[in-house]
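Remarks on the overall topology
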Amino acid sequence: MLRIAVLVSELHGADARERLGGAFARRLAAAGLAHELVAVAPAVDRAPPAPAADAAPLALALLTGGTEAAALAVVARAVPAAAPVILLTHELHNGFPAALEVAARLRQDGRRVRVVQVPDGAPAAPLARTLTALAAHQALRQRRLALVGGPSSWLAASAPADELVAAVWGVRVERLPIAAIAERFGAIAPARAAAVAEDLITASAGSAVGRGEVEQAARLALATEDLCRAGGHDAITVRCFDLLGALGTTGCLALSRLLDAGVIAGCEGDVPTTLTMMWLAALTGATPFMANPQAVDEAAGVVALAHCTIARGLLESYRLDTHFESGIGVALAGRLPRGPVTLARIGGADLRELFVADGELVAGGDSPDRCRTQVEVRLGGAARELLERPLGNHHVLIPGHHAALARAAHALFIKGTLRGSL
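Let me begin by describing the structure that accompanies this report. (Residues numbered from 1 in each chain as written. Predicted model: local features only at pLDDT ≥ 70, side-chain atom pairs only at ≥ 80, totals over all residues. Heavy atoms only, no water.)

**Regarding the overall build of the protein**
- Counting its secondary structure elements, the protein contains 13 helices and 17 strands.
- Taking 422 residues into account, the globule formula puts the C-alpha radius of gyration at 22 Å, and the protein, at 24 Å, falls close to it.
- Projected onto the principal axes, the alpha-carbon positions of the protein cover approximately 80 × 50 × 35 Å.
- Across the 422 residues of the protein, 52% fall into the buried class.
- Counted over contacts in the protein with a minimum sequence separation of 6, partners at least 24 positions apart contribute 76%.
- If you sum the accessible surface of the protein, you get close to 17,100 Å²; carbon and sulfur atoms cover 51% of it.
- For the protein, the centre of its 39 positive side-chain charges and the centre of its 40 negative side-chain charges are spaced 3 Å apart. (Helix = DSSP H or I, 4+ residues; strand = E, 2+ residues; numbered from the N terminus. Rg over C-alpha atoms; globule rule 2.2 N^0.38 Å. Buried < 20%, exposed > 50% of the residue type's maximum accessible area, 1.4 Å probe, protein only. Contact = heavy atoms within 4.5 Å. Areas by Shrake-Rupley, 256 points an atom, 1.4 Å probe, with all protein chains shown as cover. Lys, Arg positive; Asp, Glu negative; His and termini not counted. Charge placed at Lys NZ, Arg CZ, Asp CG, Glu CD.)

Dropping the structure here:
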């Protein structure tokens, strides 16, 4: 839901203001935009009161010229300084040039701003994409991420402060000890684990591990699911290598099942990559795959990636194997469909940097010297960025081409200056 303050110059009479407002409301309805019109007098000293912290975001609709001062006053009082300013407008009565002037002033003041035209007729892609980015941003600000056991020791560039995560992305990090999973693991009924194992084995294309190992991994999966359910967490990332010695199995199946259930689940306590997964899922509705880049072929523009856990819903088929590094537990060796994909990662000291590129998934793999699910993605020239400007190890793959949307949403809500076009 978007709250919209409609601004019309006082030079227009009451009838004209009502007519313009009604016509614009019909455009919004045609665009399928869920919205609430906020009554606001155009006088500069009568902006709406500041909204509650959990209020729906406020956009401004500039329908005529002469609304610049009123718009700036509304922004100053009713749009938080950290939030972007969305200026809706149309092609009539000098509303568009007024929006450009307001946007220019806000940029001079260091504000993030986006001018969005609302067409007369079919919804325009820029409007739809802006609203998608807005919805994703708002969704993240309601999310809670369970960090179980803390980041793995080797994540030298991927262990941001919890306060930074909340300040930049709006996600609340809640730290839990590994024991929170281990305690639940011991309470899982054998029959529950056996049922999960049977489903996994039946649907697989083969297995290099025994049923007992699969049932142990299933127990851990159910314990992790119970933990998320009890805590009401929207996402989780687990220092999973600590489970190898404590429980004698791996979390690969647990994270796979959570992803299939719509709970974002990341490995190794990697918060930036799990945030990337959460953000891309909110933006696109796609299920993400977190993986290690293995090599870059600069000449071909191809990146190889691999990991031992992946949502089954992303796969054409899979077989069961051990976890690669430890040789124990259960991992999924999956085959993904060829076709368009997006590869992304957020990072940097302030969590505001972004790598994102559209690519084509061109091959799988079965090397015994890499994690079990393996892919090759053609990125073209963007592949070189992984060598020249790396943001960390893990990257996130999702189906479809979404780089333009991700860049524009990142620029509008995170980076500070809009670059490119929605």
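**Comments concerning the nonpolar core**
- Leu 88, Trp 169 and Trp 279 are the most contacted members of the largest nonpolar core, which totals 114 residues.
- Per element, the largest residue contribution to this core is nine residues, and it comes from helix H8 (residues 211-231).
- Residues contacting Trp 279, with those up to four places away along its chain left out, are Leu 140, Trp 169, Ile 346, Leu 354, Ala 406, Ala 409 and His 410.
- Formed by 21 residues, the second largest nonpolar core is a distinct cluster that contains Leu 7, Leu 60, Ala 78 and Ala 98. (Core = buried A, V, L, I, M, F, W, Y, C linked by side-chain atoms within 4.5 Å.)

**Overview of the sheet that holds strand S17 (residues 395-399)**
- If you trace the six strands once around the closed barrel, you get S10-S11-S16-S15-S14-S17, paired in antiparallel fashion. Pairs of neighbouring strands in the sheet enclose a mean axial angle of 45°, with direction left out of account.
- Here strand S10 (residues 289-297) runs beside S17; their pairing, made up of three bridges, is antiparallel. What sits directly across from Ala 291, in S17, is His 395.
- Relative to the sheet, helix H13 (residues 403-415) contacts strand S14 (339-347) and strand S15 (353-364), its axis offset from that of S15 by approximately 165°. (Pairing = 2+ DSSP bridges. Axes fitted to C-alpha atoms, helices over the stretch in contact; angles between N-to-C directions.)

**So, the pairing of strand S8 (residues 235-238)**
- With burial as the criterion, each face of S8 is covered, one bearing Ala 235 and Thr 237 and the other bearing Ile 236 and Val 238.
- Here four bridges tie strand S6 (residues 144-148) to S8, and the two strands are oriented parallel to one another. Counterpart to Leu 145 in the pairing with S8 is Ala 235.
- Across four bridges, the pairing between S8 and strand S9 (residues 264-267) is parallel. Within the sheet, the bridge partner assigned to Val 238 lies in S9 and is Cys 267.

**Quick notes on the state of the cysteines**
- Counted according to the given criterion, the structure contains zero disulfides.
- Unpaired in this structure, Cys 228 has its nearest cysteine sulfur neighbour in Cys 267, at a distance of 13 Å.
- The buried category is assigned to Cys 228, whose relative accessible area is 4%.
- Here Cys 240 stays unpaired: no disulfide links it, and the sulfur of Cys 267, its closest cysteine neighbor, is 5.0 Å away.
- Take Cys 240: its relative accessible area is 11%, and that puts it in the buried class. (Disulfide = S-S within 2.5 Å.)

**Quick look at the packing of helix H4 (residues 125-140) against helix H11 (residues 271-284)**
- Where H4 meets H11, the axes come as close as 8 Å, and the angle between the chain directions of the two elements is 135°. In this view, H4 runs oblique relative to H11, as classed from their interaxial angle. Taken as a pair, H4 and H11 cross one another with a handedness that is right-handed. For the pair H4 and H11, contact is made by Thr 132, Ala 133, Ala 136 and Leu 140 and by Met 278, Trp 279, Ala 282 and Leu 283, respectively.
- A per-class count over the contact of H4 with H11 returns seven nonpolar, one polar and no charged. (Parallel < 35°, antiparallel > 145°, perpendicular 65-115°, else oblique. Left-handed = near helix turned anticlockwise from the far one by under 90°. Nonpolar A, V, L, I, M, F, W, Y, C, P; charged D, E, K, R; others polar.)

**A short note on the pattern of salt bridges**
- Tallied over the entire structure, the rule returns 17 salt bridges.
- For the salt bridge of Glu 198 with Arg 211, the shortest nitrogen-to-oxygen distance reads 2.8 Å. Taken as a pair, Glu 198 in helix H7 (residues 190-203) and Arg 211 in helix H8 lie far apart in primary sequence, 13 residues in all. (Salt bridge = Lys/Arg side-chain N within 4 Å of Asp/Glu carboxyl O.)

**With respect to helix H5 (residues 162-169)**
- Buried within H5 are the following residues: Asp 162, Val 165, Val 168 and Trp 169. Projected down its long axis, H5 carries its buried residues within an arc of 145°, all on one side. In this structure, H5 carries Glu 163 and Ala 167 as exposed residues pointing more than 90 degrees from its buried face.
- Buried residues in H5 make contact with H4, strand S7 (172-176), H11, S14 and H13. (Arc of directions from axis to C-beta.)

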